[in-house]
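A look at the structure
Spelled out, the chains give:
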Amino acid sequence: MIRKSDTQGISIPRYRDALKATLFADNTTVYLSLEDDFVILQRTLDVWCVAAKVQFNLKKMKIILIGAKQFQEQMIESYKDTSRWENYPCNVHIAEEGEPVHILGAWFGNRI
């Protein structure tokens, strides 16, 4: 469902389809572009959770920003000041530069 959603995901050179999600057991990693709206993703996840009889755990959600450093700094500052950014849920952890995030046995992040 996520792969067929109206999100754009991240384009990868030489690949026809954009990267939107990777799934393994009960772990899901979603990739959103700057143009993507979290509300669209949330609607898709709501339908998916009902169909699969599972609950999406926002408390475990982490955001790793990619792209221009200026964008990353602006989003982190805005999120720290207001606890929100655009349509993203409140109080989600945003990994800062140099902070590793553990995903399925590997560490990801910016400049780690």
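Please refer to the structure higher up on the page.
An account of the accompanying structure is given in this report. (Residues numbered from 1 in each chain as written. Predicted model: local features only at pLDDT ≥ 70, side-chain atom pairs only at ≥ 80, totals over all residues. Heavy atoms only, no water.)

A short note on the pairing of strand 2 (residues 27-30)
Regular strands place side chains that alternate from one sheet face to the opposite one. What counts is decided by this rule: Here the rule is simple: two strands pair whenever DSSP picks up at least two bridges between them. Segments assigned H or I by DSSP are reported as helices when at least four residues long, segments assigned E as strands when at least two residues long, and all are numbered from the N terminus.
Pairing of strand 1 (residues 21-24) with strand 2, which is carried by four bridges, proceeds in the antiparallel orientation. If you follow threonine 22 over to strand 2, its bridge partner there is threonine 29. Counting the residues that bridge the hairpin from strand 1 to strand 2 gives two residues, and of these alanine 25 lies at a positive phi of roughly 50°.

Examining the pattern of salt bridges
As a reminder, the rule being used: The term salt bridge refers to a pairing of a side-chain nitrogen on Lys or Arg with a carboxyl oxygen on Asp or Glu at a separation within 4 Å. For every residue, the accessible area (1.4 Å probe, protein chains only) is compared with the maximum for its type, and the residue is labelled buried under 20%, exposed over 50%, or partly exposed between those bounds.
Following the criterion strictly, the structure yields four salt bridges and no others. Where aspartate 17 meets arginine 16, a salt bridge forms, and the shortest distance between an N and an O atom there is 3.6 Å. A relative accessible area of 52% places aspartate 17 in the exposed class. A network of salt bridges, in which partner residues are shared, links Lys69, Glu97 and Arg111.

Some remarks on the packing of aromatic side chains
For the record, the criterion: Centres within 6.5 Å make a pair out of two Phe, Tyr or Trp rings, where for Trp the six-membered ring is used; the pair is then stacked when the planes are under 30 degrees apart, edge-to-face when over 60, and tilted otherwise.
The final tally for this structure, using the stated rule, is three aromatic pairs. With a centroid separation of 5.8 Å and 70° between ring planes, the pair formed by phenylalanine 71 and tryptophan 85 is classed as edge-to-face. Placement of phenylalanine 71 in helix 2 (residues 69-82) and of tryptophan 85 in the loop between helix 2 and strand 4 (93-95) is noted, with a sequence separation of 14 residues between them. Relative accessible area serves as the criterion here: at 23%, phenylalanine 71 is assigned to the partly exposed category. Given the relative accessible area of 13%, tryptophan 85 is considered buried. Where tryptophan 85 meets tyrosine 88, the ring centres are 5.4 Å apart and the plane angle is 40°; that geometry is what we call tilted. Here tyrosine 88 falls in the buried class, since its relative accessible area comes to 11%. Through pairs of rings, three or more aromatic residues link up here, namely Phe38, Phe71, Trp85 and Tyr88.

Comments concerning the environment of asparagine 27
Heads up, the condition is: What makes two residues a contact is simply this: any of their non-hydrogen atoms within 4.5 Å.
Mapped onto the secondary structure, asparagine 27 falls in strand 2. Exposure remark for asparagine 27: the relative accessible area of 35% places this residue in the partly exposed category. Each C-alpha atom, one on asparagine 27 and one on leucine 104, is 7.7 Å from the other, the two residues being 77 residues apart in sequence. Once you skip the residues sitting within four places of it in the chain, asparagine 27 turns out to touch Thr22 and Leu104.

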